[in-house]
There are 2 protein chains.
Amino acid sequence: MEGRATASTPAALPYYVAFSQLLGLTLVAMTGAWLGLYRGGIAWESDLQFNVHPLCMAIGLIFLQGDALLVYRVFRNEAKRTTKVLHGLLHVFALIIALVGLVAVFDYHRKKGYADLYSLHSWCGILVFVLYFVQWLVGFSFFLFPGASFSLRSRYRASHVFFGATIFLLSVGTALLGLKEALLFKLGRAKYSLFEPEGVLANVLGLLLACFGGVVLYILTRPDWKRPSQAEEQALSMDFKTLTEGDSPSSQ
Amino acid sequence: MEGRATASTPAALPYYVAFSQLLGLTLVAMTGAWLGLYRGGIAWESDLQFNVHPLCMAIGLIFLQGDALLVYRVFRNEAKRTTKVLHGLLHVFALIIALVGLVAVFDYHRKKGYADLYSLHSWCGILVFVLYFVQWLVGFSFFLFPGASFSLRSRYRASHVFFGATIFLLSVGTALLGLKEALLFKLGRAKYSLFEPEGVLANVLGLLLACFGGVVLYILTRPDWKRPSQAEEQALSMDFKTLTEGDSPSSQ
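Predicted model, so just to flag it, every value in this text is computed and none were measured. (Residues numbered from 1 in each chain as written. Chains lettered and ligands numbered in written order. Predicted model: local features only at pLDDT ≥ 70, side-chain atom pairs only at ≥ 80, totals over all residues. Heavy atoms only, no water.)

(A) A look at helix α6 (residues 150–192) of chain A. A rise of 1.5 Å per residue sets the reference length of α6(A), with its 43 residues, at 63 Å; its end C-alpha atoms lie only 55 Å apart and thus fall more than 12% short of the reference. Within α6(A), the axis deviates most sharply at F185(A), by approximately 70 degrees. (Helix = DSSP H or I, 4+ residues; strand = E, 2+ residues; numbered from the N terminus. Expected span 1.5 Å × (residues − 1). Bend = angle between axes of the 7 residues up to and from the residue.)

(B) The arrangement of the interface of chain B and chain A in detail. Each partner contributes residues to the interface: chain B has 42 residues there, and chain A has 41 residues. Linking chain B with chain A are two salt bridges, by the criterion used here. In this structure, K180(A) engages E181(B) in a salt bridge whose closest nitrogen and oxygen atoms are separated by 2.1 Å. Put simply, the parts of the chain that give the side of chain B that touches chain A at least two residues each are α5 (120–144), α6 (150–192) and α7 (197–221) of chain B. The biggest single contributor to the side of chain B that touches chain A is α6(B), with 13 residues. Looking at side-chain class alone, the side of chain B that touches chain A contains 25 nonpolar, eleven polar and six charged residues. (Contact = heavy atoms within 4.5 Å. Salt bridge = Lys/Arg side-chain N within 4 Å of Asp/Glu carboxyl O. Nonpolar A, V, L, I, M, F, W, Y, C, P; charged D, E, K, R; others polar.)

(C) How the structure looks around the relation of the copies chain B and chain A. Overlaying chain B with chain A gives an RMSD of 0.0 Å, the required rotation being 180 degrees about an axis along which the chain moves by 0.0 Å. Put plainly, the chains are arranged around a two-fold axis. (Least-squares fit on C-alpha atoms with pLDDT ≥ 70 in both.)

(D) Region of the structure containing the UniProt feature "transmembrane region" (unreviewed entry) in chain A. Residue and element names in this part refer to chain A. Within this structure's numbering, the places UniProt gives as "transmembrane region" (unreviewed entry) are residues 12–37, 57–75, 87–106, 126–148, 160–179 and 199–220. In residues 57–75, the share of helix is 95% and the share of strand is 0%. The end C-alpha atoms are 25 Å apart. The straight-line gap between the two end C-alpha atoms of residues 87–106 is 29 Å; of that span, 100% is helix and 0% is strand. (UniProt positions renumbered as here; feature names shortened; annotations may be inferred.)

(E) Local environment of the nonpolar core. Counting residues in each nonpolar core, the largest one holds 82 residues, and the members touching the most others are L27(A), F212(A), L27(B) and F212(B). Apart from the residues within four sequence positions on either side, F212(A) is in contact with S20(A), L23(A), G24(A), L27(A), I62(A), F63(A), G66(A), D67(A) and F168(A). (Core = buried A, V, L, I, M, F, W, Y, C linked by side-chain atoms within 4.5 Å. Buried < 20%, exposed > 50% of the residue type's maximum accessible area, 1.4 Å probe, protein only.)

(F) Summary view of the packing of helix α7 (residues 197–221) of chain A against α6(B). Between α7(A) and α6(B), the least distance of the axes is 11 Å, while the angle of their chain directions is 150 degrees. By the angle class used here, α7(A) and α6(B) are roughly antiparallel. In this structure, α7(A) crosses over α6(B), and the sense of that crossing is right-handed. The residues of α6(B) that touch α7(A), namely those facing A210(A), G214(A), L217(A), Y218(A) and T221(A), are F162(B), T166(B), L169(B) and L170(B). A per-class count over the contact of α7(A) with α6(B) returns six nonpolar, three polar and no charged. (Axes fitted to C-alpha atoms, helices over the stretch in contact; angles between N-to-C directions. Parallel < 35°, antiparallel > 145°, perpendicular 65-115°, else oblique. Left-handed = near helix turned anticlockwise from the far one by under 90°.)

(G) Highlighting the packing of aromatic side chains. Tallied over the entire structure, the rule returns 29 aromatic pairs over all chains. Ring geometry for Y108(A) and Y114(A): centres 6.1 Å apart, planes at 65 degrees, overall edge-to-face. Given a relative accessible area of 31%, Y114(A) falls into the partly exposed group. When the centroid spacing of 5.5 Å and the interplanar angle of 55 degrees are considered together, the rings of F50(B) and Y108(B) count as tilted. With a gap of 58 residues between them, F50(B) in the loop between α2 (13–38) and α3 (52–74) and Y108(B) in helix α4 (residues 80–112) connect regions that are remote in the sequence. Judged by its relative accessible area of 11%, Y108(B) is buried. Grouped by ring-pair contacts, the aromatic residues Y16(A), Y218(A), W225(A), F162(B) and F163(B) constitute a single cluster. Here the basic side chain of R189(A) rests over the ring of Y114(B), its NZ or CZ set 4.2 Å away from the ring centre. (Phe/Tyr/Trp six-rings, centres within 6.5 Å; stacked < 30°, edge-to-face > 60°. Lys NZ or Arg CZ within 6 Å of the ring centre and 35° of its normal.)

(H) Geometry of the pattern of salt bridges. Residues and elements named next belong to chain A. A complete count under the given rule lists 16 salt bridges over all chains for this structure. The shortest N-O distance in the salt bridge between E198 and K186 comes to 2.7 Å. Of this pair, E198 sits in helix α7 while K186 is found in helix α6, placing the two residues twelve residues apart along the sequence. Assessed through its relative accessible area of 2%, E198 is described here as buried. Several salt bridges share partner residues, and in doing so they unite E45, D107, R110 and K111 into one network.

(I) Geometry of the side chain of K84(A). Residues and elements named next belong to chain A. Looking at the secondary structure, you find K84 in helix α4 (residues 80–112). The exposure class assigned to K84 is buried, which follows from its relative accessible area of 12%. Residues in contact with K84, not counting those within four places in the same chain, are Y72, F143, L144 and R153.

(J) Representation of the packing of α3(B) against α7(B). Residue and element names in this part refer to chain B. At a closest axis distance of 9 Å, the pairing of α3 and α7 adopts a crossing angle of 15 degrees. As far as their axial angle goes, α7 and α3 are roughly parallel. The element α3 and its partner α7 pack so that their crossing is left-handed. Residues I62, F63, G66, D67, L69, L70 and R73 of α3 form the contact with α7, whose participating residues are L209, F212, V216, I219 and L220. A breakdown of the residues in the contact of α3 with α7 according to their chemical character gives nine nonpolar, one polar and two charged.

(K) Structural context of a nonpolar patch on the surface. On the surface, a nonpolar cluster with roughly 410 Å² of combined accessible area is contributed by W44(A), I96(A), L99(A), V100(A) and V103(A). With respect to the helices and strands, V103(A) occurs in helix α4. (Patch = residues over 30% accessible without salt bridge, like charges linked within 9 Å, V, L, I, M, F, W, Y side chains within 5 Å. Areas by Shrake-Rupley, 256 points an atom, 1.4 Å probe, with all protein chains shown as cover.)

(L) Representation of unusual backbone geometry. If you check the backbone angles, F195(A) has positive phi at about 55 degrees while not being a glycine. Its relative accessible area of 40% is what places F195(A) among the partly exposed residues. Backbone geometry places L117(B), a non-glycine residue, at a positive phi of 50 degrees. Following the sequence through the fold, L117(B) ends up in the loop between α4 and α5.

(M) Expanded view of the state of the cysteines. With the rule as written, the count across this model stands at zero disulfides over all chains. With no disulfide of its own, C124(B) lies closest to C211(A) among cysteine sulfurs, the gap being 9.2 Å. (Disulfide = S-S within 2.5 Å.)

If you want it as structure tokens, here you go:
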């Protein structure tokens, strides 16, 4: 039998995590390259303000959100509280960066006199942002705020994980819709169907977004890669089980 | 303690399944309404051939594929083999209907002289179709073809479930991209941003697609809603466990 630290880090996990980071960094870099090469770069004043939106969303709501979900798989042998704080902090950074991206596009629309919130991308985007903010608030109150009981936390955990993964996947879907919208507004069917370099690059970026979503989901859902309970958590969990036997969801 | 059949059907599951069916049927009906009201209806010959594509995909790769995934949750007390055959059959129907939808769009493009496979929607669509076909073939060889051993089936099961859910989610994402593409090709930014009725209807359809995906995923992943092993499967599983102890994935 191997030692505890080695035994609790599955052999293939680091490779999958490294692959997810490679995909995530490549998609952020490729978003930057797309905006730099074909959209004139980024600035807050001028027409380039729109470009702040896709870059912030790629960094915040895709890369950082995905990484925040992976924290419990990567830092599996750290104290639970440290991992929890890191998970919450990464989500805060993601939320702030996404907020900058949101302000950029509303401000740009206002300056240009464009309508707001008419497209499927914008509807999904607002939905993602509201759900993400609510999930963060509820997560904070249950898991970081000292008031919530062990029993409450335990009941809410499964919903938190499901909604977290769902909001992340909806973010990826919304990003795909936004990318498609930005392409079609500029190229139209005529140019897009000629395999213009910008169209091909954006299609590859779209596939990268989908792959990043898939790999994060795989790491997150593989049962034998879940974070093992630490000794003190196991003890608490046993106490809890003894106290609430017959009241657990599985006994329904 | 209640009787076995009642105890093994969780109280809330039928309501969630009914809700998923309501969403699924509404999204198919709304796709039909969209094509009928704003796209002139459906026919194989003439310009209306394109419209066969979204309708077939909504029925096959969204509704039927989603329902095929739910079969093990709905028919939880039937013999495993019956449920398995139904799961495989629903996927075959979905695949055939999707193939008709695929032929329709390629045939339409050929007649109109349009380029093929230039858009992100088409790239994702081909990926979904190939993955779906391969998943079906591999699933059939492992689970329905009599040759595969219990041990092989057991090892492949988790991957089959993960890839099944992922392909379904990618299908939903691809449908959203296709909907957006069909809208922007016709309306452009100018009309879309005026909240034209077709745009609003298509946005609602998009949200329905995303919700159907979310509800199916919820039913599929809720741990206490998983299909309970039947008595004979449990016996086999125990034999298998005794035979292969130390070789199971969780002992890595």
